[in-house]
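# Notes for the structure review
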Amino acid sequence: MEERACDLALYILEHQATVRAAAKQFGISKSTVHKDLSQRLPLFNRSLYLQVKEVLDRNKAERHIRGGKATKEKYQHKKRKGC
């Protein structure tokens, strides 16, 4: 589990990825990613945890913007198709 948590953390740092993207890449659930990063990682690699926490906090702060963009694109796409 420690190795997986480190791999997840490095992936998120390298790609500035979201929890959802990391879960998809590793074939595990979002809750597993979150638990590995927020509960397990700080126990054995505090410095890596703090770096990942910055990315996750930024993603959390921006998620409403990404959601709004996705909704906008969805409805613009429907409008172009004539639906």
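Whatever comes next refers back to the structure up there.
Report follows, based on the coordinates. All values reported here derive from a predicted model rather than from experimental measurement.

### A word on the overall build of the protein
Along its length, the protein carries four helices and zero strands. Sequence-distant contacts, at least 24 apart, represent 58% of the contacts inside the protein between residues at least 6 apart. In the structure as shown, the protein presents an accessible area of about 6,200 Å², 52% of it carried by carbon and sulfur atoms.

### Describing the nonpolar core
One broad rule of soluble globular proteins: the nonpolar side chains tend to lie buried together. Ranked by internal contacts, the top residues of the largest apolar core, which has 16 residues, are A9, I12, A22, V33, L37, L41 and V52. At the level of secondary structure, the elements contributing two or more residues to this core comprise α1 (2–15), α2 (19–26), α3 (30–44) and α4 (46–81). Looking at which element gives the most residues to this core, the answer is α1, with six residues. In this view, A9 contacts L37, L41, L48 and V52; residues no more than four positions away in its chain are not counted.

### Structural notes on the packing of aromatic side chains
Summed over all chains, the structure comprises one aromatic pair. Both rings, one in Y11 and one in F26, keep their centres 5.7 Å apart while their planes meet at 85°; by these two values the pair is edge-to-face. In this pair, Y11 sits in helix α1 while F26 sits in helix α2, placing the two residues 15 residues apart along the sequence. Classification of Y11 by relative accessible area gives buried; the value is 16%.

Scoring rules and cut-offs
- Residues numbered from 1 in each chain as written.
- Predicted model: local features only at pLDDT ≥ 70, side-chain atom pairs only at ≥ 80, totals over all residues.
- Heavy atoms only, no water.
- Helix = DSSP H or I, 4+ residues; strand = E, 2+ residues; numbered from the N terminus.
- Contact = heavy atoms within 4.5 Å.
- Areas by Shrake-Rupley, 256 points an atom, 1.4 Å probe, with all protein chains shown as cover.
- Core = buried A, V, L, I, M, F, W, Y, C linked by side-chain atoms within 4.5 Å.
- Buried < 20%, exposed > 50% of the residue type's maximum accessible area, 1.4 Å probe, protein only.
- Phe/Tyr/Trp six-rings, centres within 6.5 Å; stacked < 30°, edge-to-face > 60°.

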